[in-house]
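# Examination of the molecular architecture
So the chains spell out like this:
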Amino acid sequence: MEKTILTYFRKIKLKVSKKYFQELLKSNPEYPSLLSIADTFEQLGLNYRIAEIKKVESLHFPLLIVPKSFQTLLLINTREEYSNQINDSDNIYYSINVNPAQAPINAKNRTHYYFELASRIIQLAMFSILCLSISWVIVTGSVFNTLMLLTSAAGLYIGLLLFAKDVGFDTQLVDKVCSYGKSASCNHILRSNASQLFGFAKVSDLVLIYFSCHFLFWLIPPLTHNTAILATVEVFTLSSLVSIPYSLYYQIKMRKYCVLCLGVVGALLLQNLLVFTFGVHASSISFNLATLFAIAFLALLFLLVVFKHYLKDYLHLPQARYNSLRVKNQLHIFLNQLQQKAPIPGDNLEMDSSFQIGLPEAPVVLTVVANLHCQACKEMHDKIKNLVNLFPTKLGCVVRLLPNEFGATAQDSAFKTFVGYHLHREDLKVPISEILDYWYKTKDIKQLTKRYPLKSVNNIVEFQHIINQYLKWAFEMEIRNTPSLFVNNFPLPQNYSVDDLLSIISPFSEMLYRNEINNQTMKSKYVSTKL
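Reading the values: the criteria
- Residues numbered from 1 in each chain as written.
- Predicted model: local features only at pLDDT ≥ 70, side-chain atom pairs only at ≥ 80, totals over all residues.
- Heavy atoms only, no water.
- Helix = DSSP H or I, 4+ residues; strand = E, 2+ residues; numbered from the N terminus.
- Rg over C-alpha atoms; globule rule 2.2 N^0.38 Å.
- Buried < 20%, exposed > 50% of the residue type's maximum accessible area, 1.4 Å probe, protein only.
- Contact = heavy atoms within 4.5 Å.
- Areas by Shrake-Rupley, 256 points an atom, 1.4 Å probe, with all protein chains shown as cover.
- Lys, Arg positive; Asp, Glu negative; His and termini not counted.
- Charge placed at Lys NZ, Arg CZ, Asp CG, Glu CD.
- Pairing = 2+ DSSP bridges.
- Axes fitted to C-alpha atoms, helices over the stretch in contact; angles between N-to-C directions.
- Salt bridge = Lys/Arg side-chain N within 4 Å of Asp/Glu carboxyl O.
- 1 Å grid on protein atoms, 1.4 Å probe; cavity = no way out; pocket = protein on both sides within 12 Å on 5 of 7 lines; lining within 4 Å.
- Points joined across faces, edges and corners; volume = space filled by probe spheres on them.
- Parallel < 35°, antiparallel > 145°, perpendicular 65-115°, else oblique.
- Left-handed = near helix turned anticlockwise from the far one by under 90°.
- pLDDT = per-residue confidence, 0-100.
- Phe/Tyr/Trp six-rings, centres within 6.5 Å; stacked < 30°, edge-to-face > 60°.

For the protein chain, the helix and strand inventory stands at 21 helices and 13 strands. Relative to its length of 531 residues, the protein chain is extended, with a C-alpha radius of gyration of 32 Å against a globular reference of 24 Å. Seen through its principal axes, the protein chain has C-alpha atoms that stretch 100 × 65 × 40 Å. A buried classification covers 44% of the 531 residues belonging to the protein chain. Within the protein chain, counting contacts between residues at least 6 apart in sequence, those at least 24 apart form 77% of the total. For the protein chain, the computed accessible surface area is about 28900 Å², with 59% contributed by carbon and sulfur atoms. Side chains of the protein chain give 50 positive and 38 negative charges; the mean places of these two sets differ by 6 Å.

Next up, the structure:
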């Protein structure tokens, strides 16, 4: 399902991070479903439309089509393709359209997308350097060296596909190759006892190490010019002939064949034919060098097996994480955690109206207790702004500032300045929330007051009253550190972060809209706790 959606994003040239999209989709409690897709699109900040298909003429291609039963998800590019694939007129289908003109507004998606883009550019650069190195060897090297390098490169590529298959990292290419023919079954061969060697390594591990060493050797001309090293490599190449009948025998015995294994056999045969034709410097072989090569080969094999063990665990980690997040993101779990502590009083403080982000009447309101000098407060401020942008009608936020070190007001000129902005808010041309954004970007009081000039505070009594009110409130609420976050006046549970709210806000606000939750106790008005 996620692959189809990502292909659709690429089709309409939408900048969506593959990794971040999969995390949002697969961690949704309703995954896989149409609701999980809608929630993910909303969390990304996409302008999308999901509607029942009634008239084909009203559709805009390309689009995603899903039946009501949600058995499959189709990417339809043209009207003709729609007519060919959707021929069941009795079934109900829904169309999913995303407006490509509006980029995703989720800031975290933007960060992940450009990181993935940079990674692809680095990979392309490394591949280009490798291709240039191979070209240089081909142009300057002998025919023997060139052909050995090319067969090693082919064997290395097949070895990587075998390794990927072994660790469970299947790709479309591997699936196509391994299913070529009726008797083809790479899994059957690779998981058999015959593929296990020395009690800990597999044939796929040997193939990858063998061709990796070969490839590096033929890629470095100074090594190939050393007669002793060349002779040793040739002898090791000839010794690989033993593996060819072994592989063919077990494939015939099992009455199944592995296309990748046959590819390895082909590469080994070519290499040995080249050695017999152009090489054979056996008289120059060094026993000490051969022993060193054998030890190095076994050491590399051992390291690869250890690496593969951790890689398998790493590849299974995301799925385990998605499963745990699906539980964590269920609304009834969150509400159960939320009601464990008593809420703070809902009374407004003096400066709440000035430090409002988003709609004050939104169903979900976050109260953030922040410090102007705290880096964690700045990071939380940016994340909450991102959430408010994603859910403009569902989420609001109130920022309650505290002076640095709670009471050192004489040294906290920034806190005093913002109190002054509140007292002279009628004279400001921009909202104080915008000034707060600028402060967190620069944290420079001189730049702040230069950009947003402030009149001197004449009413010292009111000024001191506001400072005392906030300090008293923090003392009574036992606020000991910043940032502290409250959701509809309830403290955010310890095992939840502001990032987790991305999956909570939408279903939470909808239940509050429908009046299905008591806003004073956060308990469902129904007997069942399953929401």
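Take the sheet that holds strand β3 (residues 74–76) next. What the four strands build is an open sheet, ordered β1-β4-β2-β3; its pairing is antiparallel. Strands with a single pairing partner mark the edges of an open sheet, and in this sheet they are β1 (48–52) and β3. The mean inter-strand angle of the sheet, taken between neighbouring strand axes irrespective of direction, is 25°. As defined by bridge partners, strand β2 (residues 63–67) adjoins strand β4 (residues 93–98) across four bridges and the pair is classed as antiparallel. Bridged to P67 within β4 is Y93.

With that out of the way, let us pick up the pattern of salt bridges. For the coordinates displayed, the defined rule picks out ten salt bridges. In this structure, K385 engages D437 in a salt bridge whose closest nitrogen and oxygen atoms are separated by 2.8 Å. Taken together, the residues span a long stretch of sequence, with K385 in helix α16 (residues 375–390) and D437 in helix α18 (residues 432–442) at a distance of 52 residues. Residue classification places D437 among the buried residues on the basis of a relative accessible area of 16%. Note that K394 is salt-bridged to E510, the shortest N-O span being 3.6 Å.

With that settled, the discussion passes to empty space enclosed by the protein. For the structure on display, the rule yields one cavity of 30 Å³ or more. Reported here for the largest cavity is a volume of approximately 50 Å³. Lining the largest cavity we find I357, V368, A370, C377, M380, H381, I384, C397, V399 and Y440. Counting residues per element, the ones that place at least two in the lining of the largest cavity are β8 (364–371), α16 and β9 (395–402).

Contact pair helix α6 (residues 143–167) / helix α9 (residues 203–219): the axes reach a minimum separation of 8 Å and the direction vectors enclose 150°. Judged on the interaxial angle alone, α9 and α6 are roughly antiparallel. Crossing handedness for the pair α6 and α9: left-handed.

Now for the confidence of the model for the protein chain. In this model, the protein chain carries an average pLDDT of 83, and 91% of its residues clear a pLDDT of 70 or more. Segment residues 526–531: pLDDT under 50, and nine contacts once partners within four positions in sequence are set aside and those in other chains are kept.

Evaluated as defined, the whole model comprises 18 aromatic pairs. Consider the rings of Y8 and F9, whose centres lie 6.2 Å apart with planes at 40°: the pair is tilted. Each of the two residues, Y8 as well as F9, counts as buried. An angle of 75° between the planes, with centres 5.2 Å apart, marks the rings of Y249 and Y250 as edge-to-face.

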